[in-house]
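# Observations on the model geometry
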Amino acid sequence: MSDDPNVDPQADPKAAWQAAHDALQALSDDLKDAYDQAKTQEQRDILDDIATAVDDALTTLNQEDMASRTVDIQAAASDLKDAVDKLTKLKGQLDAIAGAFAKAAQVIGSIDKAVSTLSSFIKI
């Protein structure tokens, strides 16, 4: 968190965003405390109107922050697609191996049955 209200948004946009967010969040917290201590409904209404505006500003800042990360998210999605494609290919290879093992197990079972049958037939 940055407590410096003089952060240059051009030099450090993330720090400037964080400073603005922190200032608005502190104001929102203070307004909620003031609302709880207000003596009249008129005072609560005024504080509530201001708090709503501050909350709207916080929401806008958060939406802008999320939108600014869209390119990073899309880049990550591209990397993840490659990983998913590799995993899908690997799964196909493992399915083929598993199928071969299943067939081998079936053949071994047939061999056991044949040996058992032949053994009892020729009494070995």
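See the structure above.
The present account deals with the structure reproduced in this document.

Quick look at the overall build of the protein now. Each helix and strand counted, the protein has three helices and zero strands in total. When the elements of the protein are put in sequence order from the N terminus, they spell out α-α-α. Compactness check: the protein gives a C-alpha radius of gyration of 34 Å against a globular reference of 14 Å for 124 residues, more than 25% above the reference. Each principal axis of the C-alpha distribution contributes one length, and for the protein these read about 105 × 40 × 20 Å.

For the structure shown, the criterion picks out three salt bridges. When the shortest N-O distance is used, the salt bridge between Lys91 and Asp95 registers 3.0 Å. Taken together, the positions of Lys91 and Asp95, both in helix H3 (residues 70-122) and four residues apart, correspond to about one turn of that helix.

Our focus in this paragraph is the packing of helix H1 (residues 13-37) against helix H2 (residues 41-68). Two numbers describe how H1 lies on H2: the axes approach to 9 Å, and their chain directions differ by 155°. Regarding the angle of H1 to H2, the classification is roughly antiparallel. Crossing handedness for the pair H1 and H2: left-handed. In contact with Trp17, Ala20, His21, Leu24, Gln25, Leu27, Ser28, Leu31, Lys32, Ala34 and Tyr35 of H1, H2 contributes Arg44, Leu47, Asp48, Ile50, Ala51, Val54, Asp55, Ala57, Leu58, Leu61, Asn62 and Asp65.

In this fold, Asp65 is placed in helix H2. Of the polar contacts made by the side chain of Asp65, one reaches the side chain of Arg69; its length is 3.1 Å.

A word on the nonpolar core. One finds Trp17, Leu24, Leu31, Ala38, Leu47, Ala51, Val54, Leu58 and Leu61 forming the largest nonpolar core, which totals nine residues. Elements that contribute at least two residues to this core include exactly H1 and H2. Take this core: its biggest share by element is five residues, from H2. The residues touching Leu24, leaving out its near neighbours within four places in the chain, are Val54, Ala57, Leu58 and Leu61.

Rules and cut-offs
- Residues numbered from 1 in each chain as written.
- Predicted model: local features only at pLDDT ≥ 70, side-chain atom pairs only at ≥ 80, totals over all residues.
- Heavy atoms only, no water.
- Helix = DSSP H or I, 4+ residues; strand = E, 2+ residues; numbered from the N terminus.
- Rg over C-alpha atoms; globule rule 2.2 N^0.38 Å.
- Salt bridge = Lys/Arg side-chain N within 4 Å of Asp/Glu carboxyl O.
- Axes fitted to C-alpha atoms, helices over the stretch in contact; angles between N-to-C directions.
- Parallel < 35°, antiparallel > 145°, perpendicular 65-115°, else oblique.
- Left-handed = near helix turned anticlockwise from the far one by under 90°.
- Contact = heavy atoms within 4.5 Å.
- Polar contact = N/O pair within 3.5 Å; in protein donor to acceptor, adjacent residues only side chain to side chain.
- Core = buried A, V, L, I, M, F, W, Y, C linked by side-chain atoms within 4.5 Å.
- Buried < 20%, exposed > 50% of the residue type's maximum accessible area, 1.4 Å probe, protein only.

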